[in-house]
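# A closer look at the structure
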Amino acid sequence: MPNILDLWTNSNWFAKGVVVVLVFMSIWSLSTFFMKWWQLRRSQRETVKFIPEFSRFLQEEHLEAAITLAENKKRSHVARVLGGALAEVKPLLKDRATITAADINSAERAVERQMLIIIAELKRGLGILATIGATAPFVGLLGTTMGIVNAFTGMMASGGGGSLAAVAGGISEALITTAVGLMAAIPAVWFYNYFTTKIDFISVEMTYSSKELIDYLIRSVGSEFGRSIFTKEFQAQKATQSSGPISR
């Protein structure tokens, strides 16, 4: 087993530079992982607390309390999405105005905009992990290639009389950069795949919750304030969009 310190001491300046770059990439990957993991953990923990309380307010028909709760939970991804939808209808609820199909569509568009913003925030940093995972092996291979070239150049300079042990020592030093490159790349690929899966789950969670809220607004918000559940405008729009039998 070669002594790592001896290999570092005997390496040329190019190999040392490659190792320094790879160590920096590895530290960058780890720091990105912990920052992203902490961000998702806080969001999910607050969402777990938010959803039962929000659902209870809706079941008890305390819509204004639900709106206030969604506005206060800034770290929860679901609260931010639902808050975007409720922000569109909140002025109408205060004014006791009739909520039409256009208002519902506006709330849906607000949800879509908020989801795009949140997903973009959650994906921030994944490009770093993907880049490190893809390029770190090649950076290490560059150091290895140059190390092998230097080893054979030295053997040629000595008139070809170098022993196999001397050449093998130079090659082993060169291969260290490849090993360090793989050590930097493999965790980065793991982290990238892990966060991609988590963000896909969060996206489904936000979509499902927002659809449930829109359905609630369509069914219940009118009756809560003494208005009809469906306005004539909304009924007409649903009739034109329906492509199958309507269950009653």
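Above this text sits the structure in question.
Just so we're clear, the structure is a prediction, and the values are computed from it rather than from any experiment.

With that out of the way, let us pick up the overall build of the chain. For the chain, the helix and strand inventory stands at eight helices and zero strands. The N-to-C order of helical and strand elements in the chain reads α-α-α-α-α-α-α-α. Counting all 248 residues of the chain, 36% fall into the buried class. Of the contacts formed within the chain by residues at least 6 apart in sequence, a portion of 79% connects residues at least 24 apart. As displayed, the chain has an accessible area near 14,600 Å², and 63% of this comes from carbon and sulfur atoms.

Aromatic ring pairs are defined here through the distance separating the ring centres and the angle between the ring planes. For the structure on display, the rule yields seven aromatic pairs. With a centroid separation of 5.6 Å and an interplanar angle of 45 degrees, the aromatic rings of Phe33 and Phe195 are classed as tilted. Taken together, the residues Phe33 in helix H2 (residues 13-59) and Phe195 in helix H7 (residues 164-224) connect sequence positions 162 residues apart. When sorted by exposure, Phe33 lands in the same class as Phe195, which is buried. Geometrically, the ring pair formed by Phe50 and Phe54 is tilted, given 5.0 Å between the ring centres and 35 degrees between the ring planes. With Phe50 and Phe54 both in helix H2 and four residues apart, the pair spans about one turn of that helix. The same class applies to Phe50 as to Phe54, namely buried. The residue whose ring lies beneath Arg56 is Phe57, and the NZ or CZ to ring-centre distance is 4.9 Å.

It is worth spelling out helix H5 (residues 101-123) at this point. Across its 23 residues, H5 extends 33 Å between first and last C-alpha, which sits within 8% of the 33 Å expected from 1.5 Å per residue. Of the residues trailing H5, Gly125 is marked for its positive phi of about 105 degrees.

If you look at the biggest cluster of nonpolar residues, it comprises 37 residues, and the most contacted ones within it are Phe50, Phe54, Leu86, Leu213 and Leu217. Sorting the residues of this core by element identifies H2, helix H3 (63-72), helix H4 (77-95), H5, helix H6 (126-157) and H7 as the ones contributing at least two each. In terms of residue count, the dominant contributor to this core is H7 (10 residues). One finds Met25, Ile132, Val180 and Ala188 within the second-largest nonpolar core, a separate group that totals nine residues.

Below, the discussion takes up the environment of Asp215. Mapping Asp215 onto the fold places it in helix H7. Sequence spacing of Asp215 and Ile104 is 111 residues, and the spatial spacing of their C-alpha atoms is 9.5 Å.

Right, let's get into the packing of H2 against H5. Interhelical geometry of H2 versus H5 gives an angle of 145 degrees and a closest axis separation of 10 Å. Where H2 abuts H5, its residues Lys36, Gln39 and Leu40 lie against Glu121, Leu122 and Lys123. Looking at the contact of H2 with H5 residue by residue, the class counts come to two nonpolar, one polar and three charged.

Close approach of charged atoms allows side chains of opposite charge to pair. Inspection of every chain in the model, using the stated rule, returns one salt bridge. Note that Arg80 is salt-bridged to Glu121, the shortest N-O span being 2.9 Å. Of this pair, Arg80 sits in helix H4 while Glu121 sits in helix H5, placing them 41 residues apart in sequence. When its relative accessible area of 24% is taken as the criterion, Glu121 is described as partly exposed.

This part takes up a nonpolar patch on the surface. Taken together, the side chains of Trp37, Trp38 and Tyr194 make up a nonpolar region of the molecular surface, amounting to roughly 310 Å² of accessible area. Its place among the elements puts Trp37 in helix H2.

Each value, and the rule that gives it
- Residues numbered from 1 in each chain as written.
- Predicted model: local features only at pLDDT ≥ 70, side-chain atom pairs only at ≥ 80, totals over all residues.
- Heavy atoms only, no water.
- Helix = DSSP H or I, 4+ residues; strand = E, 2+ residues; numbered from the N terminus.
- Buried < 20%, exposed > 50% of the residue type's maximum accessible area, 1.4 Å probe, protein only.
- Contact = heavy atoms within 4.5 Å.
- Areas by Shrake-Rupley, 256 points an atom, 1.4 Å probe, with all protein chains shown as cover.
- Phe/Tyr/Trp six-rings, centres within 6.5 Å; stacked < 30°, edge-to-face > 60°.
- Lys NZ or Arg CZ within 6 Å of the ring centre and 35° of its normal.
- Expected span 1.5 Å × (residues − 1).
- Core = buried A, V, L, I, M, F, W, Y, C linked by side-chain atoms within 4.5 Å.
- Axes fitted to C-alpha atoms, helices over the stretch in contact; angles between N-to-C directions.
- Nonpolar A, V, L, I, M, F, W, Y, C, P; charged D, E, K, R; others polar.
- Salt bridge = Lys/Arg side-chain N within 4 Å of Asp/Glu carboxyl O.
- Patch = residues over 30% accessible without salt bridge, like charges linked within 9 Å, V, L, I, M, F, W, Y side chains within 5 Å.

Function cannot be inferred from these measures alone, as they are strictly geometric.
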